Each structure stands twice: as C-alpha cells, then as structure tokens.
Amino acid sequence: MIIKMKLNAKKEEIEHVIEILERRGLKVKDASGDEYSVFGVIGDTTKIDIRDIEALNGVEKVTRIQEPFKQVNRAFKSGDTVVDVRGVKIGGGNFTIMAGPCSVESRHQISEISRAVSKSGAHILRGGAYKPRTSPYSFQGMGGEGLEILKEAREETGMPIVTELMAVSLVDRFEKDVDIIQIGARNMQNYDLLKAVGRTKKPVLLKRGMSSTIEEWLMAAEYIMAGGNPNVILCERGIRTFENYTRNTLDLSAVLAVKRLSHLPVIVDPSHGTGKRWMIRDMAMAAAAVGADGLMIEVHNDPENALSDGAQSLTPEEFHETVAGVKRILTVVGKKF
Ligand code: PEP
Ligand code: MN
C-alpha cells in the first residue's frame, strides 16, 4: 500500500498516519520526494479499509499494491487449481460442460434431457430444484423431490450433478446429495451462505453477481476458501449494463481477468449471459476461444413449454451442434475435452 500525503500536510498529520498504521502491526517506509511525502506500507494490509486511511487529515491518496484476496490469488499458488468432481476434472487444461434444464420439472423431463446431453458429450448434469425467481408467483422449483430426481439421473447416466443452494439450513443435505453446490448470482454476496459452503469440502460453483465487479466476485470466492474449502469453480453468467437487447451482458473479458488474477477454474454460462437461444452456440465457442475452462448451458426437451428460462434453453439437437462447434475451437486452443 502506498500513501501519498497532501502537499501542505502538517508534520503532526504525517506522524498520526504513521502511528495508526504501526499500531496495526504494519511497517511504514518513507519514500518521500522533494515535494510530496509518500510512504510505503509493508505487512498484511488485507484488514485495512483504504477509505479509513484516506479519511485521515493530510492524506491525499492511498493505493493498494496487493489485491485484497489471498488464497484465491494466483500469486499465492503455483499452477492452476483442478477441481475433481467424481473423476471429472475442472480446470488445468480440461474443458468441462455442464448441461441440463433451468429447473427440474419432472422425472420424465430429467431422464430424457440427461440421457440426451450425456450422449452429446456433457460431463455434468445441471438442474435447479430450489429456484430463485424474480416473481413469487413464478414456479419455485420442486425442492427436495427435485433433488431426488437428479440423484436418480446420476444413477442412470453416471453424470455428477450440480444444483443451486439457497438456504444455509440445507447445506448438510446438499453436502450429502449433490456433487457441486451452485451459489447463484443473487446469493453471491450472501456471506452466511458462503461461509456455510466454505465449511464443507464440496466443490462450489460460484456464479458472478449480476452487479458485481471482478474483485467482489473473487472476494466472495475468498470467503469460501478462507473457510477451508479450496474447491471453488467460478462462473461468468453476464452482468447488468445499460444494454437491454440481451438479458445480461456476457463479460468474456472477465475470463481473461480471472485467469490472470486467480488460479481457480472459470466457466461461462451463455444461457443466462444472453437470454437468447440463437446466441448460445456462438458465445459458447467464443468462451472456449477466450480460454474458459468449461460451460454451463441450459437444455430443455420442450423449451416452449419450459417452466423457467425456455427462451434461453437449447433443444437437445441444438446442444449437440453447440458441442460440435466448441470442440472445433478446443482443437485450436489445445484443451482436453
Ligand atoms: C440458474 O443457473 O438457473 C440461475 C438461476 O442462474 P443465475 O444465478 O446465474 O441467475
Ligand atoms: Mn435459469
């Protein structure tokens, strides 16, 4: 952390700033030039809120040199994290596809879709049992019964399952029943939930909050890792911008940023990222081209009658074509499928 004092900062103000930092166990080194008083702060500054220092009399500007996240930081770990989900590897040169409907609607629906996506090359089955819906009048998911249906599909196809957790009270059940716990965009900053999944060793799929910066997203991942769970997979699912042609703005540059800042795997969800079925294949290929470690895609056997997100769900045939397109890109970027 670098602190630049105001041109006319008083000696007492400078001494006060130094005293405050030293009281917190930090070392302060003078790096002043001819005009400005400048200090370098050495030590663990993760607990310092730079706004508190900037508010002190005589301080002009405080700049962080080190990112506020540690365990998530690429600088603190050599190599990429590879998350192992029942033998399916996510990250580190592998490309992993999660596919399935937005919501679990019935045993028949999941059985049909899971068999189809598995045949087309999907590695992991997705499906929401507990659904975070904008309207309380919309379908809220099948709950516990939905989880049982997903488990049956896992038996039938051998595919691991990923589904969204919304309540701390269900953590134990999810830990027992599912292979990846999904934390949805709406709960990315639900710190109780992040701490609760951090206490488990289950792989966690952490979706980016719809108005979250990359740093806030990585800090949410830091919560899970700080709790003792290293198995975090990030998912870019689009953010809110002024653009409303698409449901969200799929931020593919976030993949590059996350890869530079962190060792964690990052996958892309072009379904929620665009909201439009016809954009999914090309955005999936773009995600593969930009270096994503995988995809999450919504697939429905009857999108027109889906109980949620039908407009952004591929048919099994369209999914098959999408996988073929993605595979072509993967041969170019050199990832294992
Ligand atoms: C979902 O995956 O169905 C979902 C609700 O996603 P998000 O949290 O990204 O909106
Ligand atoms: Mn959905």
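One structure accompanies this document, and this report is about it. Bear in mind that the values here come from a model prediction, so they are computed numbers and not experimental data.

**Some words on the overall build of the protein chain**
For the protein chain, the helix and strand inventory stands at 11 helices and 14 strands. Across its three principal directions, the C-alpha atoms of the protein chain cover 75 × 45 × 40 Å. Counting across all 337 residues of the protein chain, residues that qualify as buried make up 54%. Intrachain contacts of the protein chain at a sequence separation of at least 6 include 68% that bridge at least 24 residues. Accessible surface computed for the protein chain: about 15,400 Å², of which carbon and sulfur atoms make up 50%. Here the protein chain contributes 46 positive and 45 negative side-chain charges, whose respective centroids are spaced 3 Å apart.

**Remarks on the site of ligand 1**
Neighbouring residues of ligand 1: Cys102, Arg126, Lys131, Glu164, Gln182, Gly184, Ala185, Arg186, Lys207, Arg237, His272 and Glu298. Between Arg186 and ligand 1, the recorded distance is 2.9 Å, taken from a side-chain N or O atom to an oxygen atom. Relative to its free-state accessible area of 300 Å², ligand 1 is covered by the protein chains to the extent of 97%. Looking at side-chain class alone, the shell around ligand 1 contains 2 nonpolar, 3 polar and 7 charged residues.

**Thoughts on helix H3 (residues 107-120)**
Between its terminal C-alpha atoms H3 stretches 20 Å, which fits the 20 Å expected from 14 residues at 1.5 Å a residue. Taken residue by residue, H3 has Gln109, Ile110, Ser111, Ile113, Ser114, Val117 and Ser120 as its buried positions. For H3, the elements touching its buried residues are strand S7 (96-100), strand S8 (124-126), helix H4 (144-157) and helix H11 (316-333). Gly121 sits one or two residues past H3 and shows a positive phi near 115°.

**Notes on the pairing of strand S11 (residues 204-207)**
Side chains Val204 and Leu206 of S11 all project onto a buried face; the interleaved residues Leu205 and Lys207 project onto the opposite face, where all are buried too. Two elements, strand S10 (residues 180-183) and S11, share 3 bridges in a ladder whose sense is parallel. Among the inter-strand pairings, Gln182 is bridged to a residue of S11, identified as Leu205. Of the crossover connections in this fold, the one passing from S10 over helix H6 (residues 191-198) to the parallel S11 is right-handed. Here S11 pairs with strand S12 (residues 232-236) via 4 bridges, running parallel. Bridging across to S12, Val204 finds its partner in Val232. Where the polypeptide runs from S11 across helix H7 (residues 214-226) and back to S12, its parallel neighbour, the crossover connection is right-handed.

**Side note on unusual backbone geometry**
The phi dihedral of Arg86 falls on the positive side, at around 45°, and the residue is not glycine. Position of Arg86 among the secondary structure elements: in the loop between strand S5 (83-85) and strand S6 (88-90). Phi is positive for Asp309, close to 55°, though the residue is something other than glycine. Position of Asp309 among the secondary structure elements: in the loop between strand S14 (294-298) and H11.

**Observations regarding the sheet that holds strand S2 (residues 27-30)**
Pairing is antiparallel in the open sheet, where 4 strands are placed in the order S2-S3-S1-S4. With one partner strand each, in any of the chains shown, S2 and strand S4 (59-63) form the two edges of the open sheet. Across this sheet, the average inter-strand angle for adjacent strands is 25°, counted without regard to direction. The pairing of strand S1 (residues 2-5) with strand S3 (residues 38-42) spans 3 bridges and is antiparallel. Looking across to S3, one finds that Ile2 is bridged to Gly40.

**Description of the packing of aromatic side chains**
For any two aromatic rings, the description comes down to two numbers: the centre-to-centre distance and the angle of the planes. Going through the model one piece at a time under the given rule, you end up with 2 aromatic pairs. Ring centres 5.9 Å apart and planes at 45° place the aromatic pair Tyr130 and Phe174 in the tilted group. Here Tyr130, found in the loop between S8 and H4, pairs with Phe174, found in helix H5 (residues 171-177); they are 44 residues apart in sequence, far enough to count as distant. Over the aromatic face of Tyr36 sits the side chain of Lys4, whose NZ or CZ is 4.2 Å from the ring centroid. Taking NZ or CZ as reference, Lys276 lies 4.9 Å from the ring centre of Tyr245, over its face.

Cut-offs used in this document
- Position labels on residues start from 1 in each chain and follow its written sequence.
- Labels follow written order: the first chain is A, the first ligand is 1, and so on.
- Where local features are concerned, this predicted model is filtered to residues with pLDDT of at least 70; where side-chain atom pairs are given and counted, the filter is 80 or more; whole-chain, interface and lining totals use all residues.
- Water and hydrogen atoms play no part in the side-chain values, which are based on all heavy atoms of the structure.
- Strands here mean DSSP runs of E at least two residues long; helices mean DSSP runs of H or I at least four residues long; both are numbered from the N terminus.
- For each residue, the accessible area found with a 1.4 Å probe, counting protein chains only, is set against the maximum for its type, and the residue is called buried under 20%, exposed over 50%, and partly exposed in between.
- A contact between two residues is defined here by any heavy atoms of the two lying within 4.5 Å.
- Here, Shrake-Rupley sampling with a 1.4 Å probe gives the accessible areas, and only protein chains in the shown set may cover a residue.
- As used throughout, the charge tally considers Lys and Arg to be positive and Asp and Glu to be negative, leaving His and the chain termini uncounted.
- Positions of charges follow a simple convention, taking NZ of Lys, CZ of Arg, CG of Asp or CD of Glu.
- For this purpose, a residue is taken to be near a molecule or strand whenever a single non-hydrogen atom of the residue falls within 4 Å of it.
- For the purposes of these results, a polar contact is taken to be a pair of N or O atoms within 3.5 Å, where, inside protein, one atom must be able to donate a hydrogen and its partner to accept one; residues adjacent in sequence count only when each atom of the pair is a side-chain atom.
- Three classes are used, and their members are as follows: Ala, Val, Leu, Ile, Met, Phe, Trp, Tyr, Cys and Pro are nonpolar, Asp, Glu, Lys and Arg are charged, and the others, Gly among them, are polar.
- A helix is expected to span 1.5 Å multiplied by its residue count minus one.
- Strands qualify as paired when DSSP identifies two bridges or more between them.
- Handedness is read with the strands pointing away from the viewer; a crossover is right-handed when the path from the first strand over the helix to the second is clockwise.
- Axis definition: a line fit to C-alpha positions, over the contact stretch in the case of helices; interaxial angles, taken between N-to-C directions, run 0 to 180 degrees.
- Note on aromatic contacts: the rings of Phe and Tyr and the six-membered ring of Trp form a pair at centre separations within 6.5 Å, being stacked when their planes are under 30 degrees apart, edge-to-face when over 60 apart, and tilted otherwise.
- Lysine and arginine charges are scored as sitting over a ring when NZ or CZ, respectively, is within 6 Å of the ring centre and within 35 degrees of the ring normal.

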